[in-house]
Amino acid sequence: EAGVTQFPSHSVIEKGQTVTLRCDPISGHDNLYWYRRVMGKEIKFLLHFVKESKQDESGMPNNRFLAERTGGTYSTLKVQPAELEDSGVYFCASSQDRRRYEQYFGPGTRLTVT
Amino acid sequence: AQSVTQPDIHITVSEGASLELRCNYSYGATPYLFWYVQSPGQGLQLLLKYFSGDTLVQGIKGFEAEFKRSQSSFNLRKPSVHWSDAAEYFCAVGDPQAAGNKLTFGGGTRVLVKP
């Protein structure tokens, strides 16, 4: 069984540009989470999908961030326009509904905004 | 709001020596508790978890953790480290009362293993 995959693994963009991160959860996992680790800080929750619905988006930093999960499969996280403070590692995780706390993490996307 | 503290940013340990990583949390009741490990180039892997019951929890790769309610701690231990244990370790808590199941993480402890 394939694990959680994320694309790209690295992205370097200039301030003001747009970047879209993608996450493919484990097949059959209804729950999908986005987390972010800014340099030197702790990993912080961004949002949680149950299927295609946003269950909790309390961690989204501002309206420059837009997450979607069309069809309840893969998810995208778009940052538009990117700012310097958006640099960090973006993690995606997924879990089955019946074992909600068994979150399986992807390798992360390292975003650098210059 | 819940919070997690990992007091040690870096720990260096000799191969074969024991390892203990500290984790303290702030939460009104007993949270769900987790330890994750991130090896270079890999995602976070769950080492072990505590929901309730026996306060000594066994995990993968020879790790164990002990929940101490009186100290609000959930320290991770391994009796004898291997070079492959060099990684970053994260303690995390989940709120049993919340519907969203989001995790709150500590800042991480990076473990270096000396030959």
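As the structure is a computational prediction, the values presented were derived from the model and not from experiment.

About the cut-offs
Residues numbered from 1 in each chain as written. Chains lettered and ligands numbered in written order. Predicted model: local features only at pLDDT ≥ 70, side-chain atom pairs only at ≥ 80, totals over all residues. Heavy atoms only, no water. Helix = DSSP H or I, 4+ residues; strand = E, 2+ residues; numbered from the N terminus. Buried < 20%, exposed > 50% of the residue type's maximum accessible area, 1.4 Å probe, protein only. Contact = heavy atoms within 4.5 Å. Areas by Shrake-Rupley, 256 points an atom, 1.4 Å probe, with all protein chains shown as cover. Buried area = accessible area lost by both parts, 1.4 Å probe. Salt bridge = Lys/Arg side-chain N within 4 Å of Asp/Glu carboxyl O. Polar contact = N/O pair within 3.5 Å; in protein donor to acceptor, adjacent residues only side chain to side chain. Nonpolar A, V, L, I, M, F, W, Y, C, P; charged D, E, K, R; others polar. Core = buried A, V, L, I, M, F, W, Y, C linked by side-chain atoms within 4.5 Å. Disulfide = S-S within 2.5 Å.

Each helix and strand in chain A was counted, giving 0 helices and 11 strands. Ordered by position from N to C terminus, the α and β elements of chain A give β-β-β-β-β-β-β-β-β-β-β. Considered along the principal axes of its C-alpha atoms, chain A spans approximately 40 × 25 × 25 Å. Split into buried and exposed, the 114 residues of chain A put 48% on the buried side. Summarising the internal contacts of chain A: among those between residues at least 6 apart in sequence, 52% fall at separations of at least 24. Approximately 5800 Å² of chain A is accessible, and the part contributed by carbon and sulfur atoms is 46%.

All names here are of chain A. Tracing the backbone shows S11 in strand 2 (residues 10-13). Judged by its relative accessible area of 11%, S11 falls in the buried class. Excluding residues that lie within four positions of it along the chain, S11 makes contacts with V19, R110, L111 and T112.

With 19 residues of chain A in contact, the opposing surface of chain B contributes 24 residues. Between chain A and chain B, a total of about 1700 Å² is buried, with carbon and sulfur atoms accounting for 55% of that surface. It is I43, Y101 and F105 of chain A that lose the most area in chain A upon contact with chain B, and together they represent 40% of the buried surface on that side. Here K102 of chain B makes a salt bridge to D56 of chain A, at a shortest N to O gap of 3.9 Å. In this assembly, chain A and chain B are joined by 6 residue pairs in polar contact (both at pLDDT 80 or more). Elements supplying a minimum of two residues to the side of chain A that touches chain B: strand 4 (31-37), strand 5 (43-50) and strand 6 (53-56) of chain A. Tallied by class, the residues present in the side of chain A that touches chain B amount to 8 nonpolar, 5 polar and 6 charged.

Another point: the nonpolar core. Among the nonpolar cores identified, the biggest contains 26 residues, and W35, L48, F74, L76 and Y89 of chain B are the most heavily contacted of them. Listed by contribution, the elements that provide at least two residues to this core are strand 2 (10-14), strand 3 (19-21), strand 5 (32-38), strand 6 (44-50), strand 8 (64-68), strand 9 (73-78), strand 10 (87-94) and strand 12 (109-114) of chain B. Tallying contributions element by element places strand 10 of chain B first for this core, with 4 residues. Discounting residues that sit within four places of it in the chain, Y89 of chain B has contacts with Q6, L21, W35, Y36, V37, L47, F63, L76, G108, T109 and V111 of chain B. Membership of the second largest hydrophobic core comes to 21 residues, among which are V19, L47, F49 and F65 of chain A.

Moving on to the side chain of H29 of chain A. Along the chain, H29 of chain A falls in the loop between strand 3 (19-24) and strand 4. Apart from the residues within four sequence positions on either side, H29 of chain A is in contact with R69, S94, S95, Q96 and Y104 of chain A.

In this section: the environment of S95 of chain A. Looking at the secondary structure, you find S95 of chain A in strand 9 (residues 88-95). Considered as a pair, S95 of chain A and K41 of chain A are 54 residues apart in the sequence and their alpha carbons are 24 Å apart.

Residues and elements named next belong to chain B. Applying the stated criterion to the full structure yields 2 disulfides over all chains. The partner cysteine of C23 in its disulfide is C91, sulfur to sulfur 1.9 Å. Disulfide C23 to C91: torsion about the S-S bond roughly -65°, handedness left-handed. Here C23 is found in the loop between strand 3 and strand 4 (24-26), whereas its partner C91 is found in strand 10, with 68 residues between them in sequence. Across the pair, exposure class does not vary: C23 and C91 are buried alike.

All right, on to the environment of G62 of chain B then. Residues and elements named next belong to chain B. The topology assignment puts G62 in the loop between strand 7 (56-58) and strand 8. Assessed through its relative accessible area of 45%, G62 is described here as partly exposed. Leaving out residues up to four positions away in the same chain, G62 has contacts with R77, K78 and P79.

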